[in-house]
Amino acid sequence: MNAVASFVGAWQHAPVRDSRLLPIVEKVEAGERLTFEDGMVLYHTPDYNTLMRLANRVRERKHGGKTYFVHSLRLEFTNICYVGCTFCAFAAKKGEARAWDYSVEEVVAKVREKWEPGLTELHMSSGHHPTRPWSYYPEMVRALKENFPGIQVKAFTAAEIEHLSKISKKPTLEVLRELKEAGLVALPGGGAEIFAERVRKQIAKNKVKADKWLQIHREAHSLGIRTNATMLYGHIETLEERLEHMDRLRRLQDETGGFYSFIPLAFQPDANALAFNLGKTEFTTGLDDLRNLAVARLYLDNFDHIKGYWVMISSDLVQVSLDWGVSDIDGTIIEEHIAHAAGATSPLGLSRQKMVQLIQAAGRVPVERDALYNELHIYDPAPRA
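Description of the structure in this document.

Basis of the calculations
Residues numbered from 1 in each chain as written. Predicted model: local features only at pLDDT ≥ 70, side-chain atom pairs only at ≥ 80, totals over all residues. Heavy atoms only, no water. Buried < 20%, exposed > 50% of the residue type's maximum accessible area, 1.4 Å probe, protein only. Helix = DSSP H or I, 4+ residues; strand = E, 2+ residues; numbered from the N terminus. Pairing = 2+ DSSP bridges. Right-handed = clockwise from strand over helix to strand, strands pointing away. Salt bridge = Lys/Arg side-chain N within 4 Å of Asp/Glu carboxyl O.

Neither face of strand β3 (residues 121–124) is open: one carries E121 and H123, the other L122 and M124, and all of them are buried. Bridge count for strand β2 (residues 72–75) against β3 is four bridges, and the pairing is parallel. Residue pairing in the sheet places L75 in a bridge with M124 of β3. Here four bridges tie β3 to strand β4 (residues 152–155), and the two strands are oriented parallel to one another. Along β4, the bridge assignment pairs E121 with Q152. As for the winding sense of the linkage, the β-α-β connection from β3 through helix α6 (residues 136–147) to β4 is right-handed.

This is how it looks when you write it as structure tokens:
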């Protein structure tokens, strides 16, 4: 029996309705890499049922029923930023009433205030502060490690690393090396937005360029600092530009193997200039979110995890996404501000118990991990009714 017959036979009541998917089914069954053209077929197919099943097949081949989450705290140490990205509702100018700017001592106090037993990951990303000196950043990481010895500091997007390079007058590689010596263990994936230059000129013209973002992650990987990767979608980008973004990430992962996960970030259309200029008030649709996750799972064959970021697409849709290729649902977060400033309607955080229940209710096995994807606890699947 050939691969197509095997695939169709496995779901006799849900045959492949789009004949363009048949050669892709064969490739997925054989574990072969998809081409760019294959990726575009996946983006355009109306056969969502087969798309879902293909993505789930890859997800279960890699992880079975396991679904990962981390007990984490999100901390933005400042919202002061000079970059001016048009999609951002988080940034403030120095002196604005809504601006905040924590000292190292205040950062430590904020973490202590939000501290919970079993907290492993501290995720920090913030604005590009125009006057903070370079010394503030490694000093902050060291202070956090000294005050919270078990904490894993995942901090500073590639955009922030470039900013720190400018203010320190050090190469980005040296900035990364010194932050690692201070205690940094991983980089978040932010600042990638969409790599297409056409789009970046309109939404993030003063932010790190695509080539530099990729270079900084390559350098981090060379130092043994693992990272994540993101993509902001649902604004002015085309489907081709989404896939081109993934293609560049796939090539870098072939080269370094340093990415943990890929995280699509749905555009939030509130209180930002980009949404206002576009007259856009609608959030991305659930179907587009799920399709995007499934295409990512199938195209990014060398990424261990595709992450469903519940903050931006809701915890309800994240449950559904576990059948669309998603194997990680991020973390408890405790308190998030960047997406919520732009209109995210999800809670600021979720409890560890809620994360476990969310995964169990979707028929999956919850696995609590740390920032480095070490498995800390495997929970029982939901009991059968």
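All told, the structure shown has 27 salt bridges when counted by the stated rule. With its nearest N and O atoms 2.7 Å apart, the salt bridge here joins E241 to R198. Separated by 43 residues along the polypeptide, E241 in helix α11 (residues 239–256) and R198 in helix α9 (residues 197–203) bring together distant segments of the chain. Taking relative accessible area as the criterion, E241 reaches 11% and is therefore assigned buried. With relative accessibility at 38%, the residue R198 sits in the partly exposed group. Connected through shared salt-bridge partners, E121, K154, D328 and R369 make up one network.

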